[in-house]
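Understanding the architecture of this molecule
The primary structure of each chain is shown beneath.
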Amino acid sequence: MASLPSFPSTTTFQPEPSLLQKLSSIASLPAQKNASSQSISFHRNPLTTQLNGATEQKRYIDFREALSLIRRGTKFKSQVYHPLLQHCIDKNSVSEAEILHAHMIKTGTQEQFFLMTALVNVYAKCGDMKSARKVFDNLPRRNVIAWTTLMSGYVQNSRPESAVEVYREMLESGSLPTGHTLGIALNACSALNLLDLGRQFHAFIIKYKIAHDPSVGNALCTFYSKFGCLKSAVETFKGIEEKNVISWTAIITACGDSSDAASGLRFFIEMLKEDVNPNEFTFTAVISLCSVLLALDTGAQVHSLAIKLGYESNIQIINSIMYLYLKSGRIDEAQNFFNRLESVSMVTWNAVIAGHAQAIDVAKDELLAHRSGTEALRNYFHLNRSVLKPDLYTLSSIFTVCGKILAAEQGEQIHAHTIKTGFLSDVVVGTALVNMYSKCGSVERASKAFLEMSTRTMISWTAMISSFAQHGWSTQALQLFEDMRLAGVKPNQITFVGALAACSHARMVNEGLRYFEMMRKEYRIRPLMDHYGCMVDLYVRLGRIDEAFNVVKKMDFPPNEFIWLVLISGCRDQGNEEIGFHAAQQLLKLKPKDPQIYSILLNYYASAKSWEDVSRLKELMKEEKIGILEDWSWISIKDKVHSFKTSIQRAPGNAGTLRLLDELLDKARSHGYMTHAAMEVNNEVREEEMEHDHYSSASAANHSERLAVAFGLLNIQTDAPIRVNKNTRMCRDCHSFIKIVSSMSSREIIVKDSWRIHRFANGQCSCGEFCGLV
DNA sequence: CTAGGGTTAG
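Here the structure is a predicted model, which is why all the values come from computation and not from measurement. Along each chain, residues carry numbers from 1 onward, in the same order as the chain's sequence is written. Each chain gets a letter, beginning with A, and each ligand a number, beginning with 1, in the order they are written. Whole-chain, interface and lining totals are the exception, using all residues; otherwise, since this is a predicted model, local features are given only for residues with pLDDT of at least 70 and side-chain atom pairs are given and counted only at 80 or more. The basis for every side-chain value is the complete set of non-hydrogen atoms in the structure, without hydrogens or water.

This part is about the overall build of chain A. Each helix and strand in chain A was counted, giving 41 helices and six strands. In this scheme, a residue with accessible area under 20% of its type's maximum is buried, one over 50% is exposed, and one in between is partly exposed, where area comes from a 1.4 Å probe on protein chains only. Relative to its full complement of 774 residues, chain A shows a buried share of 53%. Considering only residue pairs separated by 6 or more positions, chain A has 66% of its internal contacts joining residues 24 or more positions apart. Numbering of helices and strands starts at the N terminus; helices are DSSP runs of H or I of at least 4 residues and strands are runs of E of at least 2. The criterion used for residue contact is that any of the two residues' heavy atoms lie within 4.5 Å.

Here the focus is the packing of aromatic side chains. In this scheme Phe, Tyr and Trp rings, the latter by its six-membered ring, pair at centre separations within 6.5 Å, and the angle between planes marks the pair as stacked below 30 degrees, edge-to-face above 60, and tilted otherwise. One pass over the full model with this rule turns up 26 aromatic pairs. Their ring planes at 70° and their centres at 5.7 Å tell us that Tyr532 and Phe557 sit as a pair that is edge-to-face. Taken together, the positions of Tyr532 in helix α31 (residues 529–541) and Phe557 in the loop between α32 (545–554) and α33 (561–574) put the pair 25 residues apart, joining distant regions of the chain. The exposure class assigned to Phe557 is partly exposed, which follows from its relative accessible area of 21%. Here the aromatic cluster, defined as three or more aromatic residues joined through ring pairs, consists of Phe481, Phe496, Tyr515 and Tyr523.

A few words on the UniProt feature "repeat: PPR" (unreviewed entry) in chain A. UniProt positions are given in the numbering used here, feature names are shortened, and annotations may be inferred rather than shown by experiment. The sites that carry the UniProt feature "repeat: PPR" (unreviewed entry) are, in the present numbering, residues 143–177, 244–278 and 457–491. Between the end C-alpha atoms of residues 457–491 the distance is 10 Å, and the span holds 74% helix and 0% strand.

Moving on, we come to the pattern of salt bridges. In what follows, salt bridge is the name for a side-chain nitrogen of Lys or Arg lying within 4 Å of a carboxyl oxygen of Asp or Glu. Considering all chains together, one arrives at 27 salt bridges under this definition. Notably, a salt bridge pairs Glu169 with Arg133, separated by 3.1 Å at the nearest N-O pair. On the criterion of sequence distance, the pair formed by Glu169 in helix α10 (residues 160–172) and Arg133 in helix α8 (residues 129–137) is long-range, its members being 36 residues apart. Measuring nitrogen to oxygen at the nearest pair gives 2.8 Å for the salt bridge that ties Glu547 to Arg544.

Here we come to unusual backbone geometry. Unlike most non-glycine residues, Asn92 shows phi in positive territory, near 55°. Here Asn92 shows up in the loop between α5 (78–91) and α6 (94–106).

This part covers the protein's contact with DNA strand B. We call a residue near a molecule or strand when any one of its heavy atoms sits within 4 Å of it. What surrounds DNA strand B is a group of 43 residues, the closest being His180, Thr253, Asn279, Asp426 and Val428. Each atom of DNA strand B within 4 Å of the protein belongs either to a base or to sugar and phosphate, the latter forming 36%. Throughout this description, a polar contact denotes any pair of N or O atoms lying within 3.5 Å of each other; where both atoms belong to protein, one of them has to be capable of donating a hydrogen while the other can accept it, and for residues adjacent in sequence the pair is counted only when both atoms sit in side chains. A distance of 2.9 Å is found between a phosphate oxygen of DNA strand B and a side-chain nitrogen or oxygen belonging to Asn121. A distance of 3.2 Å is found between a base nitrogen of DNA strand B and a side-chain nitrogen or oxygen belonging to Asn218. Residues were grouped as follows: Ala, Val, Leu, Ile, Met, Phe, Trp, Tyr, Cys and Pro as nonpolar; Asp, Glu, Lys and Arg as charged; and all remaining residues, including Gly, as polar. Looking at side-chain class alone, the surface near DNA strand B contains 14 nonpolar, 27 polar and two charged residues.

The next thing to look at is the side chain of Asp631. Note that Asp631 resides in the loop between α36 (611–623) and β1 (632–637). Side chain to side chain, Asp631 and Ser704 meet in a polar contact 3.2 Å long. At 2.4 Å, the side chain of Asp631 forms a polar contact with the side chain of Lys726.

On to the packing of helix α19 (residues 315–327) against helix α21 (residues 346–362). Relative orientation of the contacting elements α19 and α21 amounts to 20°, with a least axis distance of 7 Å. As the angle between them shows, α19 and α21 are arranged roughly parallel. You can see that α19 and α21 cross each other, and the crossing is right-handed. Contact residues: α19 offers Asn319, Met322, Tyr323, Leu326 and Lys327, while α21 offers Val347, Thr348, Ala351, Val352, Ala354, Gly355, His356, Gln358, Ala359 and Val362. Residue composition of the contact of α19 with α21, grouped by class: nine nonpolar, five polar and one charged. Axis angles are defined between N-to-C directions and span 0 to 180 degrees, where every axis is a line fitted to C-alpha atoms and, for a helix, only to the segment in contact. Note on angle classes: values under 35 degrees are labelled roughly parallel, values over 145 roughly antiparallel, values of 65 to 115 roughly perpendicular, and the remainder oblique. Less than a right angle of anticlockwise turn of the near helix away from the far helix marks a crossing as left-handed, whereas a clockwise turn marks it as right-handed.

Glancing now at helix α27 (residues 458–470). Helix span is expected to be 1.5 Å times the residue number reduced by one. The first and last C-alpha atoms of α27 sit 18 Å apart over 13 residues, in line with the 18 Å expected at 1.5 Å per residue. Most of α27 sits out of view: eleven of its 13 residues are buried. Residues of α27 that are buried: Ser460, Trp461, Thr462, Ala463, Met464, Ile465, Ser466, Ser467, Phe468, Ala469 and Gln470. Packed against the buried residues of α27 are α25 (427–439), α26 (443–452), α28 (474–486) and α29 (493–505).

If you trace the backbone, Ile600 turns up in helix α35 (residues 595–607). Taking relative accessible area as the criterion, Ile600 reaches 10% and is therefore assigned buried. Remark: the alpha-carbon pair of Ile600 and Pro83, spanning 517 residues in sequence, is separated by 70 Å. Beyond its immediate sequence surroundings of up to four residues, Ile600 is in contact with Leu565, Arg729 and Val774.

Attention shifts here to the pairing of strand β2 (residues 640–645). Two strands make a pair as long as DSSP finds a minimum of two bridges between them. Where β1 lies against β2, six bridges are found, and the strand directions are antiparallel. Looking at β2, one finds that Trp634 is bridged to Ser643. The hairpin turn running from β1 into β2, its antiparallel successor, is two residues long, and Lys638 in that turn takes a positive phi close to 50°.

All right, on to the side chain of Arg756 then. Within the fold, Arg756 resides in the loop between β4 (749–752) and β5 (757–761). For the charge count, each Lys or Arg is scored as positive and each Asp or Glu as negative, with His and the chain ends excluded. Buried Arg756, no salt bridge; nearest opposite-charge side chain is Asp537, N-O distance 6.3 Å. For Arg756, the contacting residues outside a window of four places in its chain are Gln470, Val751 and Cys767.

As a further point, take α26. Residues that lie three or four places apart on an α-helix share one face, since the helix turns once every 3.6 residues. Among all positions in α26, only Val443, Ala446, Ser447, Ala449 and Phe450 are buried. What you see down the axis of α26 is that its buried residues fit within an arc of 160°, all on one side. Exposed and oriented more than 90 degrees from the buried face of α26 are Lys448, Leu451 and Glu452. The arc under discussion is defined with respect to the helix axis, by the directions toward the C-beta atoms.

Written as structure tokens, this is what we have:
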């Protein structure tokens, strides 16, 4: 989802001590032998004991042993069939089911009603609803169980409307539903997004007072949470008389779906206190809550509990724990889990790719972030060459990745290969594509992708509005905002960030105020950090620093670093030292350990010629042992990444690039380009500033992005844009310089710095003449 | 001896 400007906020979950105690006391129990339900039912089963099979592998051999008997036409006792049928479900094998089916017919077993019902189930579970229906239609009689089996098959095979139809048939034939039937019916309603029909089933459930029955209550609980009513889900859960592990898993999942992951964890604790053993479903759900909360420690404890309970090699659990580690930025640990997997499924690939996409956001610096993104791409191409193929989850993740790391070439390539798959008609994939083009600097392609979408959600509209706003197409952004409202789609807080950003970019103060009020009054959205940020930005762009500061004073929570930075930038332009120095102090208080903040503040104080502050900051840096942030830029050309660092710029291999850079600088000067230092600092203090050379604008000529841009000019074909990534914020000098370079060379230059994207063309930048550069 | 409720990825 696009947010603009990006004011990240993360909440971390702090587990209560009692929780940890409970978890660790359970985790320290002696390890149990594998407790998966499969092996238990296996040992109880007469045939499996008889055929001496204990693992998946051996059961497969069992089926082959049975095959010879089948060929001889030996008549089986009915209980012999059940493990064989189960085998077909486990292997998802229609062909083996057909062999059994033929054998049943040959030996006259099809007269056995229960077995044929089981066969309906087998075909349904293997995805062959045609055969399932055929067997059902040939049943000698029909009871509610048979009807329910058929309904369940349709729901599981994404045909909920047929399930509802079967329910009607059942009533007409005179059978009455049981709790199981109603549970499936409710699932069908969720899948069809039919709240009203669900309510009818609900009324039925109330009338017969069966919500306390776990098979009804569990389904009802899930039904409510799918329709966004966690409260009712919790009430239903509380009313279930004999809560089983499924009930607990249902309520934990419901909390996660309703973005109340912390409550989900509390239910998990309660479940442990009630001595209900979680199973593999519960563990995957709980670990996924931990990834939402970025609670790695808690997740690791839950995982160790899972291991104690015998789920060490459960693939689903490993998938979710791997995702948690990736999302927490612990790539090496995640890799270890990946290596331990025996078989890799689509879920695994998608967890790996989505996990790396998340790791980009938590990476300590831009270079690590870029590495995660590259790793996601590597996995994507690996998957593409394997027997499995990317699906809609993979695609939405990979487009997100391309946008985050400015991998426009790969993104376009993947887009082109995806067109024929039909996945682009998925609304999430389409929205991801809009975001990708937007973040890669092409608002035109983003807009094209948006128009090509067959359906749009509020998130799609928001992505496009934010995209227009980000690129300075304010009129289009606001027009689209109005179109969205006309289409009856309700904007959320992020949509308003887009609208307000458009206003601030175009310096439309009345419009900005109007949307701010509309958001509060009409949509009852409480202004958040980003909304205030836009308003501050708006006044700052107009040079009305006092009013910008008034916005800050009116906020009912402390401003973040982005707001102070915008204010400082404006104060630098307006020479407002009273507010500027105050903002600088607040910024330092807020981020006392951030090396980039120091270099920005040193730059600011130097521009204001406040040398005492400069010395004070440098002392502070020594005391706090804060180093100088390494300034990197990189550019990828044909899958190869070329990186540049300010301090090693004079490396011998760069001679040609450096020559071009010198030429450009000379030419720019003749076009009137001047460093800000040259404009602001008079000759007497100039020398003193040189002493602070590393932080000041005086050294901007060496900044890494200039070298990367020059390298791009030499090595990228003339009709393609030059895309540069940078790990810190651009300074004003480089911003002005690249603007001029874009017009001198008639090239489009896109620079993604650690704050936002700048698209330079014809001597202009998409961020506007002002963009919080200090 | 036949059905069911819960799971991971965007």
